[in-house]
Amino acid sequence: NEGIILADVEGTKNGNSFTIFVPYLKDRNSLALSFVTKGKVYDLKQSLQKSGVTKQSFAQTVTYKVVAASGEMDTYTVEINNSGLPVIKITTTDDEAVSNNWSTLCPAEIMPNDKAPFSVDLSVKFKGGKYSQAAKRSYSLKLDKKTDLFGLSKGKRWTLQANNDDKSLLRNRIGQFMSSDWTDLGWTPSSQAVELIVNGKHMGSYVLSEDPRIAE
(Lines give C-alpha, C1' and ligand atoms only; values in the text may rest on other atoms or scores of the structure.)
Protein backbone atom coordinates (compact mmCIF):
# COMPACT_ATOMS: atom_id res chain seq x y z
CA ASN A 1 0.00 0.00 0.00
CA GLU A 2 2.88 2.33 -0.75
CA GLY A 3 1.75 5.93 -1.19
CA ILE A 4 -1.61 5.16 0.42
CA ILE A 5 -0.59 4.34 3.99
CA LEU A 6 2.33 6.70 4.59
CA ALA A 7 4.02 4.98 7.54
CA ASP A 8 3.73 1.90 9.72
CA VAL A 9 0.64 1.98 11.92
CA GLU A 10 0.25 -0.01 15.12
CA GLY A 11 -3.14 -1.67 15.44
CA THR A 12 -4.88 -3.40 18.33
CA LYS A 13 -5.75 -7.07 18.72
CA ASN A 14 -8.68 -8.48 20.67
CA GLY A 15 -8.84 -12.24 20.30
CA ASN A 16 -9.06 -12.87 16.57
CA SER A 17 -10.11 -9.30 15.77
CA PHE A 18 -7.67 -6.65 14.56
CA THR A 19 -8.45 -2.92 14.48
CA ILE A 20 -6.25 -0.39 12.67
CA PHE A 21 -6.69 3.39 12.83
CA VAL A 22 -5.30 5.46 9.95
CA PRO A 23 -6.68 9.00 10.48
CA TYR A 24 -6.03 10.36 6.97
CA LEU A 25 -7.04 7.28 4.94
CA LYS A 26 -9.97 8.57 2.87
CA ASP A 27 -10.23 5.65 0.43
CA ARG A 28 -10.35 2.20 2.01
CA ASN A 29 -11.74 0.47 -1.07
CA SER A 30 -8.59 -1.16 -2.45
CA LEU A 31 -6.00 -2.24 0.11
CA ALA A 32 -3.76 -5.30 0.25
CA LEU A 33 -3.35 -7.07 3.59
CA SER A 34 0.09 -8.50 4.39
CA PHE A 35 0.21 -11.58 6.62
CA VAL A 36 2.45 -14.47 7.64
CA THR A 37 0.91 -17.94 8.00
CA LYS A 38 1.67 -21.55 7.12
CA GLY A 39 -1.97 -22.06 6.14
CA LYS A 40 -4.07 -20.70 3.31
CA VAL A 41 -6.09 -17.52 3.72
CA TYR A 42 -9.53 -17.02 2.14
CA ASP A 43 -12.14 -14.29 2.32
CA LEU A 44 -15.84 -15.07 2.77
CA LYS A 45 -16.22 -15.41 -0.99
CA GLN A 46 -13.76 -18.32 -0.82
CA SER A 47 -11.18 -16.30 -2.79
CA LEU A 48 -7.60 -17.30 -1.99
CA GLN A 49 -5.66 -14.33 -0.62
CA LYS A 50 -2.04 -13.57 -1.49
CA SER A 51 -0.13 -11.60 1.14
CA GLY A 52 0.54 -8.01 0.09
CA VAL A 53 -1.09 -8.56 -3.30
CA THR A 54 -4.82 -9.36 -3.10
CA LYS A 55 -6.88 -6.17 -2.90
CA GLN A 56 -9.90 -5.87 -0.62
CA SER A 57 -12.34 -3.13 0.29
CA PHE A 58 -12.03 -2.26 3.96
CA ALA A 59 -14.95 0.15 3.94
CA GLN A 60 -16.54 -2.49 6.20
CA THR A 61 -14.97 -5.07 8.51
CA VAL A 62 -13.38 -7.88 6.47
CA THR A 63 -13.49 -11.50 7.64
CA TYR A 64 -10.77 -13.98 6.71
CA LYS A 65 -10.58 -17.75 7.11
CA VAL A 66 -7.19 -19.34 7.71
CA VAL A 67 -7.08 -23.05 6.85
CA ALA A 68 -4.17 -25.14 8.10
CA ALA A 69 -2.75 -28.14 6.23
CA SER A 70 -4.54 -30.36 8.75
CA GLY A 71 -7.86 -28.83 7.73
CA GLU A 72 -8.32 -26.90 10.97
CA MET A 73 -9.78 -23.44 10.40
CA ASP A 74 -9.68 -20.13 12.29
CA THR A 75 -11.64 -16.98 11.48
CA TYR A 76 -10.16 -13.50 11.81
CA THR A 77 -11.61 -10.02 11.28
CA VAL A 78 -9.77 -6.86 10.21
CA GLU A 79 -11.27 -3.39 10.65
CA ILE A 80 -9.59 -0.24 9.29
CA ASN A 81 -10.95 3.11 10.49
CA ASN A 82 -10.19 6.74 9.74
CA SER A 83 -10.97 9.96 11.62
CA GLY A 84 -13.79 10.91 9.25
CA LEU A 85 -12.22 14.35 8.74
CA PRO A 86 -11.45 15.95 5.37
CA VAL A 87 -7.79 15.93 4.31
CA ILE A 88 -5.36 18.57 3.04
CA LYS A 89 -2.30 17.17 1.24
CA ILE A 90 0.48 19.69 0.50
CA THR A 91 3.45 18.79 -1.68
CA THR A 92 6.08 21.53 -1.82
CA THR A 93 8.13 22.11 -4.97
CA ASP A 94 11.16 19.78 -5.02
CA ASP A 95 10.24 18.74 -1.45
CA GLU A 96 11.24 22.21 -0.24
CA ALA A 97 11.26 22.21 3.57
CA VAL A 98 8.57 24.36 5.17
CA SER A 99 10.15 27.30 7.00
CA ASN A 100 9.25 30.68 8.50
CA ASN A 101 9.27 32.17 4.98
CA TRP A 102 6.70 31.65 2.25
CA SER A 103 7.44 28.62 0.11
CA THR A 104 7.48 28.55 -3.67
CA LEU A 105 3.97 28.18 -5.09
CA CYS A 106 3.10 24.47 -4.87
CA PRO A 107 0.10 22.16 -5.36
CA ALA A 108 -2.22 21.01 -2.60
CA GLU A 109 -4.94 18.39 -2.84
CA ILE A 110 -8.16 19.21 -1.00
CA MET A 111 -10.16 16.11 -0.08
CA PRO A 112 -13.63 17.01 1.27
CA ASN A 113 -16.10 14.47 2.62
CA ASP A 114 -19.02 15.59 0.46
CA LYS A 115 -17.53 16.01 -3.01
CA ALA A 116 -14.66 14.93 -5.23
CA PRO A 117 -11.09 16.01 -4.37
CA PHE A 118 -9.71 19.08 -6.13
CA SER A 119 -6.36 20.85 -6.37
CA VAL A 120 -5.26 24.38 -5.50
CA ASP A 121 -1.95 26.22 -5.75
CA LEU A 122 -0.61 27.81 -2.59
CA SER A 123 2.39 28.95 -0.62
CA VAL A 124 2.92 27.70 2.93
CA LYS A 125 5.00 28.75 5.93
CA PHE A 126 5.13 28.17 9.67
CA LYS A 127 3.21 30.53 11.93
CA GLY A 128 5.26 32.27 14.59
CA GLY A 129 4.27 33.07 18.15
CA LYS A 130 4.82 31.21 21.38
CA TYR A 131 4.64 27.79 19.70
CA SER A 132 7.44 28.48 17.21
CA GLN A 133 9.58 25.82 18.91
CA ALA A 134 6.79 23.27 19.34
CA ALA A 135 7.12 19.83 17.77
CA LYS A 136 3.73 20.31 16.12
CA ARG A 137 3.78 23.65 14.29
CA SER A 138 0.90 25.76 13.04
CA TYR A 139 0.91 26.87 9.40
CA SER A 140 -0.14 29.83 7.28
CA LEU A 141 -1.49 29.22 3.79
CA LYS A 142 -1.64 31.74 0.93
CA LEU A 143 -3.65 30.53 -2.08
CA ASP A 144 -3.08 31.94 -5.57
CA LYS A 145 -6.79 32.80 -5.83
CA LYS A 146 -9.80 32.97 -3.54
CA THR A 147 -11.18 29.49 -2.97
CA ASP A 148 -13.99 27.99 -0.94
CA LEU A 149 -12.41 25.21 1.14
CA PHE A 150 -14.80 22.64 2.66
CA GLY A 151 -17.88 24.84 2.30
CA LEU A 152 -16.28 27.79 4.08
CA SER A 153 -16.31 31.29 2.62
CA LYS A 154 -13.95 32.05 -0.27
CA GLY A 155 -10.55 33.36 0.74
CA LYS A 156 -6.84 33.41 -0.10
CA ARG A 157 -5.36 33.39 3.40
CA TRP A 158 -5.94 30.51 5.82
CA THR A 159 -4.32 29.19 8.97
CA LEU A 160 -3.83 25.61 10.14
CA GLN A 161 -3.93 25.69 13.93
CA ALA A 162 -2.02 22.94 15.74
CA ASN A 163 -3.87 23.56 19.04
CA ASN A 164 -0.93 22.45 21.17
CA ASP A 165 -2.66 23.59 24.38
CA ASP A 166 -5.82 21.61 23.64
CA LYS A 167 -5.49 17.83 23.61
CA SER A 168 -9.18 17.49 22.73
CA LEU A 169 -8.63 19.59 19.56
CA LEU A 170 -12.15 20.93 20.14
CA ARG A 171 -11.78 24.13 22.16
CA ASN A 172 -11.26 26.55 19.26
CA ARG A 173 -13.97 24.90 17.19
CA ILE A 174 -16.49 25.10 20.05
CA GLY A 175 -15.56 28.73 20.74
CA GLN A 176 -16.06 29.67 17.10
CA PHE A 177 -19.39 27.83 16.98
CA MET A 178 -20.64 29.62 20.11
CA SER A 179 -19.47 32.98 18.77
CA SER A 180 -21.19 32.59 15.41
CA ASP A 181 -24.43 30.96 16.64
CA TRP A 182 -24.98 32.34 20.14
CA THR A 183 -23.79 35.95 19.93
CA ASP A 184 -24.46 39.08 17.88
CA LEU A 185 -20.86 39.49 16.79
CA GLY A 186 -20.65 40.72 13.21
CA TRP A 187 -18.08 38.14 12.11
CA THR A 188 -16.50 34.91 13.35
CA PRO A 189 -13.85 33.08 11.32
CA SER A 190 -15.12 29.92 9.66
CA SER A 191 -13.23 26.77 10.52
CA GLN A 192 -13.03 23.06 9.80
CA ALA A 193 -11.11 20.26 11.52
CA VAL A 194 -8.86 18.47 9.00
CA GLU A 195 -6.10 15.91 8.70
CA LEU A 196 -2.88 17.40 7.30
CA ILE A 197 -0.27 15.70 5.12
CA VAL A 198 2.90 17.59 4.12
CA ASN A 199 5.37 16.03 1.68
CA GLY A 200 4.08 12.53 2.29
CA LYS A 201 4.07 12.77 6.10
CA HIS A 202 0.93 12.86 8.24
CA MET A 203 1.34 15.89 10.51
CA GLY A 204 -1.79 15.28 12.59
CA SER A 205 -5.22 16.83 13.08
CA TYR A 206 -5.50 20.60 12.64
CA VAL A 207 -8.16 23.30 12.57
CA LEU A 208 -8.31 25.14 9.25
CA SER A 209 -9.50 28.70 9.85
CA GLU A 210 -9.98 31.91 7.93
CA ASP A 211 -7.19 34.44 8.46
CA PRO A 212 -8.77 37.35 10.43
CA ARG A 213 -6.62 39.94 8.65
CA ILE A 214 -8.28 39.06 5.34
CA ALA A 215 -11.82 38.77 6.70
CA GLU A 216 -11.93 42.25 8.22
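The rules behind these values
- Residues numbered from 1 in each chain as written.
- Predicted model: local features only at pLDDT ≥ 70, side-chain atom pairs only at ≥ 80, totals over all residues.
- Heavy atoms only, no water.
- Helix = DSSP H or I, 4+ residues; strand = E, 2+ residues; numbered from the N terminus.
- Buried < 20%, exposed > 50% of the residue type's maximum accessible area, 1.4 Å probe, protein only.
- Contact = heavy atoms within 4.5 Å.
- Areas by Shrake-Rupley, 256 points an atom, 1.4 Å probe, with all protein chains shown as cover.
- Pairing = 2+ DSSP bridges.
- Axes fitted to C-alpha atoms, helices over the stretch in contact; angles between N-to-C directions.

Novice: Could you clarify how one ought to interpret the overall build of the protein in this entry?
Specialist: Within the protein one finds two helices and 14 strands. Of all 216 residues assigned to the protein, the portion counted as buried reaches 34%. Within the protein, contacts between residues separated by at least 24 positions form 48% of all contacts whose residues are at least 6 apart in sequence. Summing over all exposed atoms, the protein offers an accessible surface of approximately 12900 Å²; the carbon and sulfur share of this is 50%.

Novice: Looking at this structure, I do not really get the sheet that holds strand β6 (residues 62–67). What am I missing?
Specialist: Hydrogen bonds along the backbone pair up the strands of a sheet, which may run parallel or antiparallel. With mixed pairing, the five strands of this open sheet are ordered in space as β1-β2-β7-β6-β4. At either end of the open sheet lies a strand with only one pairing partner, and these are β1 (12–14) and β4 (40–43). Averaged over all neighbouring strand pairs, the angle between strand axes comes to 25°, with direction disregarded. Pairing between β1 and strand β2 (residues 17–21): three bridges, direction antiparallel. Bridging from a neighbouring strand, T12 pairs with T19 of β2.

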